[in-house]
Amino acid sequence: MSSQRVSDVRALLAGRDVQVGDGPYLERLDPKRSVWEDHLRAWLDQLPRIDRTGAFLEAANACEAEAHASSDSTLRERLHHIAQQMHRHGFTDPLLALAFAQIREASRRTLGMRHHDVQLLAGRALMQGRLAEMATGEGKTLAATLAAVTAAITGAAVHVVTVNDYLAERDAEHNAPLFAFLDLSVGVVLQDMDIAKRRDAYACNIAYVSNKELTFDYLKDCIALGEASRTHQQLRELAGGRHAEAPILRGLHIAIIDEADSVLIDEASTPLIISETLPDDLEPAIYTQAIELARTLQRGADFELGAHRDIWLTAAGKQRVRELTSEHGGLWRSALWRDEFAQKALSAVNCFQRDQHYILAEDKVQIVDESTGRVMPDRTWERGLHQMIESKEGCQITGQRRTLAQITYQRFFGRYLHLCGMTGTAQEVAKEIKRSYDLSVTRIPTHRPSKRKPLADHLCRHDEQRWIDVAHRAAAMAAQGRAVLIGTRSVEASERLSAELIRNEVAHTVLNARQDQTEAETVAQAGQAGRIMVATNMAGRGTDIKLADAVREAGGLHVILTEFHESARVDRQLFGRCARQGDPGTTEAIVNIDDELFRRFAPVALRWLLRALAGKQQRNLRRIVAWIQNRAERHYRKQRLDTMRRDEQWRRALGFVGKTRK
Ligand SMILES: Nc1ncnc2c1ncn2[C@@H]1O[C@H](COP(=O)(O)OP(=O)(O)OP(=O)(O)O)[C@@H](O)[C@H]1O
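Thresholds, definitions, all that
- Residues numbered from 1 in each chain as written.
- Predicted model: local features only at pLDDT ≥ 70, side-chain atom pairs only at ≥ 80, totals over all residues.
- Heavy atoms only, no water.
- Axes fitted to C-alpha atoms, helices over the stretch in contact; angles between N-to-C directions.
- Helix = DSSP H or I, 4+ residues; strand = E, 2+ residues; numbered from the N terminus.
- Parallel < 35°, antiparallel > 145°, perpendicular 65-115°, else oblique.
- Left-handed = near helix turned anticlockwise from the far one by under 90°.
- Contact = heavy atoms within 4.5 Å.
- Nonpolar A, V, L, I, M, F, W, Y, C, P; charged D, E, K, R; others polar.
- Near = heavy atom within 4 Å.
- Polar contact = N/O pair within 3.5 Å; in protein donor to acceptor, adjacent residues only side chain to side chain.
- Areas by Shrake-Rupley, 256 points an atom, 1.4 Å probe, with all protein chains shown as cover.
- Domains from an automatic or database assignment.
- Buried < 20%, exposed > 50% of the residue type's maximum accessible area, 1.4 Å probe, protein only.
- Pairing = 2+ DSSP bridges.
- pLDDT = per-residue confidence, 0-100.

Q: Tell me what's going on with the packing of helix H17 (residues 335-350) against helix H18 (residues 385-392), and back it up with residues and numbers.
A: The axes of two packed helices give the description: the angle between them and the distance between them. Look at H17 against H18: their axes get within 9 Å of each other, and the N-to-C directions meet at 60 degrees. Considering their axes alone, H17 and H18 lie oblique with respect to each other. Once H17 is placed against H18, the crossing between them reads as right-handed. Between H17 and H18, the residues in contact are Phe341, Lys344, Ala345, Ser347, Ala348 and Val349 and Leu385, Met388, Ile389 and Lys392, respectively. Taken together, the residues that form the contact of H17 with H18 break down as seven nonpolar, one polar and two charged.

Q: With reference to specific residues and values, describe the site of the ligand.
A: Lys140, Thr141, Asp544, Arg577 and Arg580 are the nearest of the 19 residues found near the ligand. Between the ligand and the protein, one listed contact pairs an oxygen atom with a side-chain N or O atom of Thr141 at 2.7 Å. About the coverage of the ligand: the protein hides 86% of its 630 Å² of free accessible area. Tallying contributions element by element places helix H9 (residues 140-153) first for the shell around the ligand, with three residues. Looking at side-chain class alone, the shell around the ligand contains two nonpolar, nine polar and eight charged residues. Here the shell around the ligand gathers at least three residues from each of two domains, domain 1 (3-13 + 130-274 + 408-443) and domain 3 (451-629).

Q: Let's hear about the pairing of strand E21 (residues 584-592): which residues, and what values?
A: E21 sits mainly inside the fold: eight of its nine residues count as buried. Bridging between strand E16 (residues 457-460) and E21 involves three bridges; their strand directions are parallel. Residue pairing across strands places His458 opposite Ile590, the latter belonging to E21. The sheet contact formed by strand E20 (residues 557-561) and E21 spans five bridges and is parallel.

Q: Quick rundown of the confidence of the model for the protein chain? Include the residues and the values.
A: With 85% of its residues at a pLDDT of 70 or more, the protein chain shows a mean pLDDT of 84. Note that residues 12-33 has pLDDT below 50 and, in this model, 44 contacts with residues that lie over four places away or in other chains. Counted against residues more than four places away or in other chains, residues 655-662, with its pLDDT under 50, gives 12 contacts.

Shown next as structure tokens:
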């Protein structure tokens, strides 16, 4: 944590107001800052620090016996006293060790779980404002309680941020007895809650919330505060008017981000936008005409489709569009509009597929977030694309949307006084996280050595073959008394595989954006002997499959990956569902040579090599894939940097025309 942030947190703990700005974020964006400087900082960051972890653990363990012998009320009183010391001295090692010993004991009494030493190290890293890299299944949920309680007893508003509502609710419920024991209130913010309930949840000492809900609530506050400026409110109050409603959040003090690489990196490539629907002044017929037109255009002759979903009309294509729309009149007469409509319609038809990028629910187009596999009900695509897709699917056309407020995660999380996080997969993005959020990564050792065993992978020549092989393999594993988890990349793929399993009369359950109501129940059953669960990325992160003893003895959970992702981290998260907390488990990939990753990011020569390797068991496939994923990760990193730069340009431009940007 920078010295500025340390003093900010101290000031906060002492009850003083602190100025919250954009932190070092803008400085880090400075284009003049050289790449070498970044490398140097990252290198310096990795230099072995004076290792005080041993002494820290010794101190915490030394206090354990005393904590164990103390009454419930003594534990509480001691924590209260430690909080007062922290107000004066900050989160120093001796105070943290003492606090953690009490929390560990409280957890043992209430949850029946004693924090492992490595979890104490993770808690310490969090309180130092760092990102703790703990392998999957090592118990981040419990480790986070150390930091959450320590921060909360000092009076700070603690936000434990997770990637979705299911995890927010699950973790809050799981840890609630511990917080209640320590007289700390806990709230959870969920998508369908109204403003009053949200405000109540944030008013608690500790609030569990997904990154999206949290950021949108912050934007809502920004809009409300912008509309009723402080002086305006004061004038109203003096005139005896109604008090303006209190903000939803009670401050951006401390955020503990679980699955931090997903939140801070993967989801950071698009800004979060709050918008309002405008009455669409375009005739719905225009969208229908554009979609009809797009369906008649030929790829190669009329338009080109790039590797990264970019689409453009050729000269011949523009001419053809002109001819085909000559009788439509209206906006079709303008070359600019005509090409814009055609291009949007081509994207809608060729780049966005139902059950992959979106689903139809209640006759509405609902976007599916590929990295989490979940529906994003209130999200829409921008600049007419959403309406084009609605028209393509024969849904009612909704109005276009106008942006009211927007923010990137880089800017939002940069506003916290104390930011920290946890993840199982940070290595590849450690430099980027340091650069964008000033967070350094601390690697935490595992509690017990991992027993995860990768089996040989299989590269199929055809899509059809992949599903046949996966179904056979899953059935064979289930017959051995193992539990099987199969990860697919889209709703469509999960249903395609489910059909194959049904054809083979293999019992299984499906978890995807269309069948998400029974998520907790499905996951709870998934660790039983002979169970097969087919899931999208919904089961990729955070999901904890509890194994039956018989399954553990038969070899644990077997994970089958059916398509590699662009990000190796997402694959590792899926594999990380097995072999947790010292359990056994195996992983394997059964993929197709025409998968998106290979098509988009493998050079031609490598695709030839893959073709030659297809059809046989592969021991080295994951190495080749790692190289391709590295290329993909570079591409997306560049995209994220562009987003940050554009966001900054937009902010400056609005400042220039006299508007304030939230
Ligand atoms: N100290 C502990 N003692 C006993 N069990 C524990 C302890 N810590 C965690 N566990 C158990 O380990 C399992 C994994 O925990 P958890 O889901 O929090 O791991 P995780 O690190 O968050 O995993 P992922 O990276 O997949 O999100 C859970 O069943 C949890 O109850």
